[in-house]
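These are the residues of each chain, in order.
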Amino acid sequence: PPMEYFSLVGNQLNDRDACMLAKALKHNKNMRFISLQSNLLTSVGWVAFRNTKLDLTSLNSAADSNHTCDIVYDDRSDRFSETNSTQNNPGAERAKKVYSVLSKRNKAIANVQ
């Protein structure tokens, strides 16, 4: 069976590791939960994970974001609360993210991009 839960607690992962993991998670539809507590990540690593889960640069990037994985980490207790919620299904998460792009563009009067 595909892996759904993954713990990388205390593995001394750095930002380079985070960028590679984030890239792998971008299109992974099976992973539900990954734990990254007690690693050596800085804001660079966290931004990589955030962009994997919520890329609002375009409608396509929002639709292609990971909609299934919840990432838990040290001082970041919000668990990316504005993105994937284990209570929602992937289709609902995808729709929410696409709506965010459209809403943001509408506020900026820029829906023609």
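Quick summary incoming for the structure in this document. If you're wondering where the values come from, they're calculated on a predicted model, not measured in any experiment. (Residues numbered from 1 in each chain as written. Predicted model: local features only at pLDDT ≥ 70, side-chain atom pairs only at ≥ 80, totals over all residues. Heavy atoms only, no water.)

## Here's the deal with the sheet that holds strand β3 (residues 70-72)
Working step 1: Read from one edge of the open sheet, three strands run β1-β2-β3, paired in parallel fashion. Sheet topology places β1 (5-7) and β3 at the edges, where each strand pairs with a single neighbour. When strand polarity is set aside, the average angle formed by the axes of neighbouring strands in this sheet is 10 degrees.
Working step 2: Of the strand pairs in this sheet, β1 and strand β2 (residues 33-35) are connected by three bridges, and their pairing is parallel. Bridge assignment links F6 to a residue of β2, and that residue is I34. (Pairing = 2+ DSSP bridges. Helix = DSSP H or I, 4+ residues; strand = E, 2+ residues; numbered from the N terminus. Axes fitted to C-alpha atoms, helices over the stretch in contact; angles between N-to-C directions.)

## Structural notes on helix α4 (residues 90-107)
Working step 1: Along its 18 residues, α4 runs 26 Å from first to last C-alpha, staying within 8% of the 26 Å computed at 1.5 Å per residue.
Working step 2: Within the span of α4, buried status applies to E93, K97, V101 and R105. Each buried residue of α4 sits inside an arc of 115 degrees when the element is viewed along its axis, so together they form one side. Relative to its buried face, α4 has exposed residues pointing more than 90 degrees away, namely Y99, N106 and K107.
Working step 3: Buried residues along α4 sit in contact with α2 (43-53) and α3 (59-64).
Working step 4: Where α4 ends, the next residue or the one after it, I109, has phi of about 50 degrees, a positive value. (Expected span 1.5 Å × (residues − 1). Buried < 20%, exposed > 50% of the residue type's maximum accessible area, 1.4 Å probe, protein only. Arc of directions from axis to C-beta. Contact = heavy atoms within 4.5 Å.)

## Remarks on the pattern of salt bridges
A side chain with one charge can pair with a side chain of the opposite charge if their charged atoms come near.
Working step 1: Enumeration according to the criterion identifies two salt bridges in this entry.
Working step 2: Note that D55 and K26 form a salt bridge whose closest N and O atoms lie 3.9 Å from each other. On the criterion of sequence distance, the pair formed by D55 in the loop between α2 and α3 and K26 in the loop between α1 (15-25) and β2 is long-range, its members being 29 residues apart.
Working step 3: On the basis of relative accessibility, which here comes to 17%, the residue D55 falls in the buried class.
Working step 4: A relative accessible area of 16% places K26 in the buried class.
Working step 5: One salt bridge in this structure joins E93 and K96, with 3.2 Å as the shortest N-O distance. Residue E93 and its partner K96 are both found in helix α4; the two are separated by three residues, about one turn of the helix.
Working step 6: For E93, a relative accessible area of 0% puts it in the buried group. (Salt bridge = Lys/Arg side-chain N within 4 Å of Asp/Glu carboxyl O.)

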